[in-house]
Amino acid sequence: MNSNQLIALAPIITIAVTAVAVMLGIAVRRNFILSCGIAAVGIVIALSTLGIASRESAVRATLLILVDAYSLFYMALLLSGGLAVLGFCYDYFKEREGENEELPLLLLTALLGGLVLVGSSHFASFFIGLEILSISLFVLIGYPLNQSRPLEAAIKYLVLSGVSSAFLLMGMALIYSQCGELHFSGIGGYMTSRDNISAMVLSGTLLIMVGLGFKLSLVPFHLWTPDVYEGAPAPVTAFIATVSKGAVFALLLRYFITTYSYDYTPLLTVFSVIAGLSILGGNLLALLQTNVKRLLAYSSIAHMGYLLVAFIAGGRISSMWVVESVSFYLLAYFITTIGAFGVVSVLSTPQTEADDISCYRGLFWRRPWLAATFTLMLLSLAGIPLTAGFIGKFYIFTSAADGRLWGLLLAVIVGSGLGLYYYLRIIVVMSMNVDGAAIKPPQDWVSTAILAVLTMLLVWFGIYPGLLVNVIQSVSYAME
Amino acid sequence: MILPMLIGVLLLGGFAAWFSARWSPIAPRWVAIVTLTVEALLLVLPYAVAEHVDDLSSAWFADFYGPWIPRFGISFHLAMDGLSLLLITLTVLLGFMAVSSSWTEIKDRQGFFFFNLLACLAGTVGVFLAVDLFLFFFFWELMITPMYFLISIWGHENRTDAAIKFFIFTQVSSLLMLLAIITLVLLHYNSTGIYSFDYFELLNTVLEPHVAFWLMLGFFIAFTVKLPMVPFHTWLPDAHTQAPTGGSVILAGVMLKTGAYGLLRFVIPLFPDAAHQFAPIAMTLGAVSVLYAAMMAFAQSDLKRLIAYTSVSHMGFILLGVFSWNLLALQGSVITMLAHGISASALFMIAGALQERLHTREMGNMGGLWPALPRLSALTLFFAVASLGLPGLGNFMGEFLVLQGAFSVNMLLVSVAALVLILAPVYALIMIQKAFYGPPSQHSPLSDVGRREWASLGLLVLASVWLGLSPQAVLDVSVPVLKQEMQNSMVMER
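By the naming in an unreviewed UniProt entry, chain A is NADH-quinone oxidoreductase subunit N, taken from Methylobacter tundripaludum. According to UniProt, the comment filed for chain A under the heading Sequence similarities (unreviewed entry) is "Belongs to the complex I subunit 2 family." The record held by UniProt for chain A lists under Catalytic activity (unreviewed entry) the comment "a quinone + NADH + 5 H(+)(in) = a quinol + NAD(+) + 4 H(+)(out)".

Our focus in this paragraph is the interface of chain B and chain A. The interface is formed by 32 residues belonging to chain B together with 38 residues belonging to chain A. Interface area for chain B against chain A, summed over the two sides, is near 3,400 Å², with a carbon-plus-sulfur share of 79%. B:R71 is paired through a salt bridge with A:E324; the nearest N and O atoms lie 2.7 Å apart. Taken together, chain B and chain A are joined by four residue pairs in polar contact (both at pLDDT 80 or more). When contributions to the side of chain B that touches chain A are tallied by element, the ones reaching two or more residues are β1 (62-69), α5 (133-142), α6 (144-154) and α7 (159-192) of chain B. Here the element with the most residues in the side of chain B that touches chain A is α7(B); it accounts for 13 residues. For the side of chain B that touches chain A, a count of residues per class yields 24 nonpolar, five polar and three charged.

Below, the discussion takes up the UniProt feature "domain: NADH:quinone oxidoreductase/Mrp antiporter transmembrane" (unreviewed entry) in chain A. Mapped onto this numbering, the UniProt entry gives "domain: NADH:quinone oxidoreductase/Mrp antiporter transmembrane" (unreviewed entry) at residues 120-418 of chain A. Across residues 120-418 of chain A, the secondary structure splits into 78% helix and 0% strand, with the terminal C-alpha atoms separated by 37 Å.

Our focus in this paragraph is unusual backbone geometry. The linkage connecting B:L227 with the following residue, B:P228, adopts the cis geometry, with an omega of -10°. Tracing the sequence through the fold places B:P228 in the loop between α9 (209-226) and α10 (235-242). Look at the link from B:V230 to B:P231: it is a cis peptide, with omega at 10°. Mapped onto the secondary structure, B:P231 falls in the loop between α9 and α10. Although it is not a glycine, A:S217 adopts a positive phi angle of roughly 50°. Mapped onto the elements, A:S217 comes out in the loop between α8 (199-216) and α9 (225-231). Classification of A:S217 as buried rests on a relative accessible area of 0%. Despite not being glycine, B:R109 shows a phi value in the positive range, around 45°. Relative to the helices and strands, B:R109 is located in the loop between α3 (82-101) and α4 (110-129). By relative accessible area, which is 28% here, B:R109 ends up partly exposed.

The rules behind these values
- Residues numbered from 1 in each chain as written.
- Chains lettered and ligands numbered in written order.
- Predicted model: local features only at pLDDT ≥ 70, side-chain atom pairs only at ≥ 80, totals over all residues.
- Heavy atoms only, no water.
- UniProt positions renumbered as here; feature names shortened; annotations may be inferred.
- Contact = heavy atoms within 4.5 Å.
- Buried area = accessible area lost by both parts, 1.4 Å probe.
- Salt bridge = Lys/Arg side-chain N within 4 Å of Asp/Glu carboxyl O.
- Polar contact = N/O pair within 3.5 Å; in protein donor to acceptor, adjacent residues only side chain to side chain.
- Helix = DSSP H or I, 4+ residues; strand = E, 2+ residues; numbered from the N terminus.
- Nonpolar A, V, L, I, M, F, W, Y, C, P; charged D, E, K, R; others polar.
- Buried < 20%, exposed > 50% of the residue type's maximum accessible area, 1.4 Å probe, protein only.

Written out as C-alpha cells, the structure is:
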C-alpha cells in the first residue's frame, strides 16, 4: 500500500481508530462527556483528512474500496450528519440514567460502516459495510434498555434486517454465478459484453433491490419503518433516516452506474412501480398519523420515493445528471431530516419522548426560535421556496422531466399536495394559541448550536445554491 | 437598481416590524406605514420614466439583472413595464388599506402579523417584476406562505381548514406550472444548447403544437386557480371569509390579480398558437365563472362570502377579456383588475368594520343598520353600486371595454355573459337590503366611521371615481405593453 492509498483511506482509518480510542477511554474512566468528546474530535479529524484526500484524483485503495470525488462527497455528508447526530445524542442522553458511554462508540462504528459502503466497489465491501452499519444500529435503537418500545423496535429491525441481508446475499450469489465477478467493474464488463438480458443477473439484481429496499424503507418493504422510528431515541431515528439511508442510496447509485444496470429496462419498470407506491403510500399513510415521529417516518418513505424518481430517470438521461440531482436532494434531505428530528430530540425529556402532536401545541409562543426552526424544516420537506428542499425538488422535477417520466411526475405532484397537508397540520398546531408566556428553555447549548447551523445552511442553500451546485457538479464528473 | 429596492424595502420593513414589537406592541403598525410610504415614494420615479414611453421604444422601461444560479441559466432578472407598474401601485395602495383595516382588529402578536403582511406584499411585487421564470415561480410561492400564516393564525373560526385548503390548491397547481416551466426550458435547451429561464429568451422557443398545448395548460391551471375560475374557485370563498380583514384585502385586491397578470404576461405570449386554439374554452369558462359566481353570491347569507363570490364573478370578466386578445378587451381587463381591486377591498374592509362592531358576518343578524351607522352604510352603498358596474365608476369602464372587445370575437358568449348585468344588481342590492334596510335589530349604540376609516375608504372612493371618469390616464400607461405583446404574438402566429 502506497502513501496515496493510505491518505485515501485516512477517513475510514481515523474513524476506526477513534472507535478504539473511545472504547479504551471507557475502560479507563466512565464519563459520557469524555466519550462524546473523543468521538467528536475523531469525526472532525476524519473530516479534515477528507480535505487532504480530495486533492488526489481517484484512488483505488485495495481491491474493495474506491476513493473518488463521489465517495469523498458522501463520506463528508455522512460524517457531518454523524457529527450533528452525536451533538443531539449528547443533550438527549446527558441527563438520563444508565451507562450511556458506549453510545458514541456505536455511532462511530455505524459511521464506519457507512463510509465503507459509499466507498465500496466490490460485493464484499458492500456487504461488510452494510452489516457493520446494521449491527451498530440494532444496539443503538435498543439503547434505552429499561424501556419496552425501543427494545421492540430493535428486535423488529434486527429480524427484518437479517431477512433483507439474506435476500441481498442471494442476489449477489446469483449475479456471481453468472458473471464470475464480485467487482463492480467486472460485472459491468460482463453486462456490456452481452447483447441480451440475462435472466439470472436480472433476478439477482432484483433480489439486491429487495434487500436495499428494506434499508431504504421503500413500499412494500417499509413495514418496519414507523415502529422503529417511533421506538428509537430521537437522535438515533435521525441517524437511521439520514446516514443509513444516504449511504445505501449512494451505493445503489454507484452500483447501477458502474455495472451498467440501467440497460436492464425491466428493472426500471419495477423501480417505477416501487417509487410510485412509496410516494403515494408514504404520503397517504402519513395523513393518518398523530405521532410526529411516525409522521416523519412515513414522510421519509415518500421522500425516498421522490429520490427514486430521479434515480429512474438515469435510464434516459446522463448519469452525471442523476448523480447531481440525487446528491443535492440527499444533502437537502440530510439537513432537513436531521433538523426535524433534532427539534424532537430537544423537546424530549428523560421522562417523555416528545412525539405526540400535542407536545407541539403553541410551540410558536412558548419557544419561538425552536418553532421557527421546525417550521422551516417542515416547509423544506414540503419543498417550499427559500429552503434547500425546494431546490432539491426542482432537481427531481428537472431530471424526471428530462427523462420524460410523466406518470411519476404526476405522482410527485399529488404526493406533494398530500404532504403539504400533514406538514401544515404540525405548523398549525404549533401556532395555536395557548395560555402562558414564553418559558425559559432548558440549556441544550450543543443542540441549539447545531440547529442554528442547520437552519442557516437550509436557508443558504435555498436562496443561493450556486456554490453548492458547482461542488456537486464537480462530484458528478467522477461518475461520468 | 430601483426594482430590487421595491422588493427589498418591503422585506426589510417586514423584519423591522417583527422586531419592533419587542419595545412596543403598537410599533409594528407604524413601521408598516413608514415602509409603505417609502415604497410609494419609490414608485414616483418609474412613473416619471413611464411618461416617455412611446410606440417606437420598447415597453420595458426599467431592468435589473444579476446572476443567481448560472448552472441552469437562472438569473435575478427583474423588469418593469406599464402593466407591472400599475399593479404595483395597486399593491401599495391596498397595502395601506390592509394596514389601516388591521389597525385595531389585530390585537395579538402584531409584530409577526405585519411581518407576514409585508412579506406577502414583497412576494406580490416580486411576481409583478420577475422576468426570469424561476424567479417568478420563487416569488409566486413566496407570497403564498405568509398569506397562509395570516389566515391560519389571525383568521376566524374555521381558519385552519381554510388556510390549508388555500395552500394546497395553490401549491399543487403551481407545481404543474413548475413542471411546465422546466419542460419549456429543457425543450429550449434541446433546440439551442443553452439553459435559460429568461422570459425574453424563452419567448421565441419553437414548440410542437401538442407540446405547446400541454405546457400552456400547466401555466393556465396555475393562474386560473389563483384567479380563480370555476371550477377551481372553491378555495376562495373559504379563504376570503376566514382571513382577517387585512388578509382579505390583500387576497382579493392584489393576489387574485397575480393570476390575471400571469395569463397576460406568460400564457399568451409564450404559447400564442396554443392559447389561440384554447381561447373558446377559456372564454366559455370565463363566462361560466361570471354567471355562476354571481348566482352563488346571491345565495349567500355570510357577508364576506357574498363579496368573495362577487370577486370570482368579476375575475371571469378578466379571463374573458384576456383570451379575446384584442386591444379593447385587454384594456378592459387591466381596468377591471384595478377597479375590482379597489371595490372588493373596500367591501371587505366594510365587512371587517361591521364584524368588529357587531361580531357577526351573518346578514340575517344585521338588518336595519342604516339609522345606526349612516355614514358606513352610505359608503357600503357606494361600493356596492361600484361593484355592480354603475357607469361613472371604475368597474363599469372595465366591464364595458371587455364586453365590447370580446363581442367581436365571440358574440354568443358575450351576450350570455352580459346577463350578469342583471344578476350583479340583484346580489349587490340584496346585500344592502338585508344588512342595512328593514326593521332595526336591537344593537347597543354603535360608533360610526372613525377618522382612520374615513381616510382609507374615502381614498378608495376617490380612486374609484377617478378610474371611472378618466380611465385614459391608466390606459396610457398600459397601452404600450399591450400593443407590444399583441405584436409579438402576431409575429409568432405568422
